[in-house]
Protein chains: 2
Amino acid sequence: MAVPDPLPSAQRRGRPRSAAADRAILAATRAALVEIGWSRLTMGEIAQRAGVAKTTLYRRWAAKSELVIDAVAVLFDELRLPDRGCLRADVEGVVLSFAALLRRPEAKTALMAVLAESTTDEALRPRIREAIVDRQKRLVLDGRARAQQRGELPPDPADPAETARVVDLIFDVIAGAVVHRSLVSDCPVDESWARLFTTLLLEGLGAVSPPPAPGGAAAGAAAPDGTEPTGGGR
Amino acid sequence: MAVPDPLPSAQRRGRPRSAAADRAILAATRAALVEIGWSRLTMGEIAQRAGVAKTTLYRRWAAKSELVIDAVAVLFDELRLPDRGCLRADVEGVVLSFAALLRRPEAKTALMAVLAESTTDEALRPRIREAIVDRQKRLVLDGRARAQQRGELPPDPADPAETARVVDLIFDVIAGAVVHRSLVSDCPVDESWARLFTTLLLEGLGAVSPPPAPGGAAAGAAAPDGTEPTGGGR
DNA sequence: GTCATTCCGCTACGAGTCGTAGCGTAACTT
DNA sequence: AAGTTACGCTACGACTCGTAGCGGAATGAC
């Protein structure tokens, strides 16, 4: 999947590629990313840490960015969305677990670096989609289906294109807000922020606008003065 | 502002730094970013295009990333938020104009590249904040104040910290969604998307959930089948 | 004017990285 | 066995890095 695959793995003759070398290279890439960052990360350094020859790297990956994508893709596979009982709790949960992933140095460094490369490398973009973006989008689909089963959201409409537009929008809003808060604004994504963000997502701008004074305008756990952790789920 | 400033500009003797060279260097940096991208951008290339010596660059900027920040900061100054008459139209407007900025190759390439660098370079983050992030955040403050004057949003509450939390949240949601849609999902931010996003932001998840069938649940221009451009303002 | 100071353009340098080529050897298929 | 492919190793030219040293130009202080 990751590797160029000189022949489509069918009818392969000769010595096969070492799977152990693959694992060592990807692990060494993650470790090196944590310690020295993207800009000082070199192919020679990775090869040395992995205990393989530099030429072996170039036989499998055409560029540093492609190698790094494969190295961190597994991290985005670890994302899970356990059922927390209601839509609000599920959203807060996915926000916090995605933020936890972005706190890992190798994840955030690799993500931003390959995105930067992709702005000038057309071929890199589909690769990022498959390895990283799509692995997060499934969480939105899962959480949405679950909320529909609970009756918290209406079932899919007749037009599947309209459904896709809304799912894409929700995905961009959640992932974008967490990434921007974490990596651009450089502020912590904690339970307090996750609660406020979820209120905005579910109920709109009016629900988070300051006046906590008037009675029961906002529904449920939206009270900005609330001190209890999650309000509903966990 | 940008330059290390060997002496605090007070009591400067000797030959002053050439402002023309500064302009030429920053312009050359932007042009080179468009043509060859971040990874192949070298200090020697910039110096050659600007018609200055490479040593002149190193006398003023310690690293490529700092130079690029200063080169693109002016682009983020061009963002404006004209009064479109109502909050909904103002939000759609700022979404579209920010998306237009991110369509410029030098802006998106530079933004993502310096953000990637900042994940491993502590000193770079405040610099990005001043030069780029804060110049967008003022738009949120402007639009919010305008909406309060119109009576679309309640006035600021007693606790200014609560106001700051909400403003930061709105900023991260808008900027994050646009950046994620444009540069990560790699999909166009057009009027249709801006309208849908604004509905979500103002009214919450229920307003964009598919069923357009039942009568008048969603308010105003939220109808997903709407074909008219902006719905309200201009 | 003269002096001190600071910036500029130029050249040169060692160090490091890049991506590739060539070799002999190891591992697997038929 | 023979054929094929991957591996580790070494070496290479090309490029970029960031710095140092030089002579000359532009300013402020006197």
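Residues numbered from 1 in each chain as written. Chains lettered and ligands numbered in written order. Predicted model: local features only at pLDDT ≥ 70, side-chain atom pairs only at ≥ 80, totals over all residues. Heavy atoms only, no water.

If you look chain A up in an unreviewed UniProt entry, it shows as DNA-binding transcriptional regulator, AcrR family from Streptomyces qinglanensis.

A. How the structure looks around the protein's contact with DNA strand C. Lining the immediate environment of DNA strand C, one finds 24 residues, of which Tyr58 of chain A together with Arg13, Gly14, Thr56 and Arg60 of chain B sit closest. Sugar and phosphate atoms represent 60% of those atoms of DNA strand C found within 4 Å of the protein. At a separation of 2.8 Å, a phosphate oxygen of DNA strand C approaches a polar side-chain atom of Thr56 of chain B. At a separation of 3.0 Å, a base oxygen of DNA strand C approaches a polar side-chain atom of Arg59 of chain B. Secondary-structure elements contributing two or more residues to the surface near DNA strand C are helix 2 (43–50) and helix 3 (54–60) of chain A together with helix 3 (54–60) of chain B. Considering each element in turn, the surface near DNA strand C owes the most residues, four residues, to helix 3 of chain B. (Near = heavy atom within 4 Å. Polar contact = N/O pair within 3.5 Å; in protein donor to acceptor, adjacent residues only side chain to side chain. Helix = DSSP H or I, 4+ residues; strand = E, 2+ residues; numbered from the N terminus.)

B. Geometry of the UniProt feature "DNA-binding region" (unreviewed entry) in chain A. Those residues carrying the UniProt feature "DNA-binding region" (unreviewed entry) are residues 42–61 of chain A in this numbering. Annotated as residues 42–61 of chain A, this span is 75% helix and 0% strand, and its ends, taken at the C-alpha atoms, are 13 Å apart. (UniProt positions renumbered as here; feature names shortened; annotations may be inferred.)

C. Seen up close, the relation of the copies chain A and chain B. Superposing chain A onto chain B takes a rotation of 180° plus a shift of 0.0 Å along the axis, which leaves an RMSD of 0.0 Å. As the rotation angle and translation indicate, the two copies are arranged about a two-fold axis. (Least-squares fit on C-alpha atoms with pLDDT ≥ 70 in both.)

D. Summary view of the packing of helix 4 (residues 64–77) of chain B against helix 6 (residues 105–118) of chain B. Residue and element names in this part refer to chain B. Packing of helix 4 against helix 6 leaves a shortest axis separation of 10 Å and a crossing angle of 135°. Classified by the interaxial angle, the pair formed by helix 4 and helix 6 is oblique. For the element pair helix 4 and helix 6, the recorded crossing hand is left-handed. Seen from helix 4, the contacting residues are Ser65, Val68, Ile69, Val72, Leu75 and Phe76; seen from helix 6, they are Glu106, Ala107, Ala110, Leu111, Val114 and Glu117. Here the residues of the contact of helix 4 with helix 6 sort into nine nonpolar, one polar and two charged. (Axes fitted to C-alpha atoms, helices over the stretch in contact; angles between N-to-C directions. Parallel < 35°, antiparallel > 145°, perpendicular 65-115°, else oblique. Left-handed = near helix turned anticlockwise from the far one by under 90°. Contact = heavy atoms within 4.5 Å. Nonpolar A, V, L, I, M, F, W, Y, C, P; charged D, E, K, R; others polar.)

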